[in-house]
Amino acid sequence: MRRITAHALYGSLALACAAMALTQALRLRQAERLNADITASAQAQVDPAHPTLPPQDAAPEVRLARAGALARAEAHDAAFKAYSGVIRSGELDALGCQALFNLGNMYLRQGLAQGTGEALPLVELAKQRYRDLLRAKPDDWDARYNLERALRLAPEEQEAVAEEDNEPVERRRVMLRGMDPGDLP
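What you see is a predicted model; the values in this text were computed from it and never measured.

Attention now moves to helix α3 (residues 76-86). Looking at α3, one finds that the buried residues are A78, A79, A82, Y83 and V86. Down the axis, α3 shows its buried residues gathered within 135 degrees of arc, on one side only. Along α3, the residues that are exposed and aim more than 90 degrees away from the buried face are D77 and K81. Lining the buried residues of α3 we find α2 (60-72) and α4 (94-113).

Okay, here's the thing in structure tokens:
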């Protein structure tokens, strides 16, 4: 009886290992296919005059890679549409965060490349993308750094506070036991 139990235990352990190996092989095959699609999408020639967007049924990783290729080819309108297809409203996943970061970088690069008068709207768009990303992922130091760079390029407007507006509204005399009378500041 002991021998049959040991063989049954060994057989079930072997089946569990075979199932795990099969699962890992399927995941590896899917990852290789996805990597091939990403490589093909990122290395495809991009004509800035007639850019092609990735298909909507493509994996989000492929759409993100294609959006990056479009941004590098300076097809900014098509890259914006591709990045927007990756970013889902509501909860941002890792790819959505990466797309927001890349979109902010694209706007910031465009703003830096243009003159000072035309750069302000693009820098403001970049700041908004970085802020959206930091709301979803507050510990993203790269987004914080880039937001700081964008804020240096286009500082936020702050209302100037005049010194004469800081006068106290009311003064009172307060008397404390054992203390000389005086005004509180």
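There is more to say, and it comes next.
Quick look at the nonpolar core now. Core analysis: the largest hydrophobic core is formed by 30 residues, its most contacted members being Y83, M106 and Y130. When contributions to this core are tallied by element, the ones reaching two or more residues are α2, α3, α4, α5 (116-136) and α6 (141-153). Per-element accounting of this core gives the leading share, nine residues, to α4. The residues contacting Y130, other than those within four sequence positions of it, are F101, G104, N105, L108, A143, N146 and L147.

Moving on to the packing of aromatic side chains. Under the counting rule described, the total for this entry stands at one aromatic pair. Here the basic side chain of R144 rests over the ring of W141, its NZ or CZ set 4.7 Å away from the ring centre.

So, how was this worked out
Residues numbered from 1 in each chain as written. Predicted model: local features only at pLDDT ≥ 70, side-chain atom pairs only at ≥ 80, totals over all residues. Heavy atoms only, no water. Buried < 20%, exposed > 50% of the residue type's maximum accessible area, 1.4 Å probe, protein only. Helix = DSSP H or I, 4+ residues; strand = E, 2+ residues; numbered from the N terminus. Arc of directions from axis to C-beta. Contact = heavy atoms within 4.5 Å. Core = buried A, V, L, I, M, F, W, Y, C linked by side-chain atoms within 4.5 Å. Phe/Tyr/Trp six-rings, centres within 6.5 Å; stacked < 30°, edge-to-face > 60°. Lys NZ or Arg CZ within 6 Å of the ring centre and 35° of its normal.

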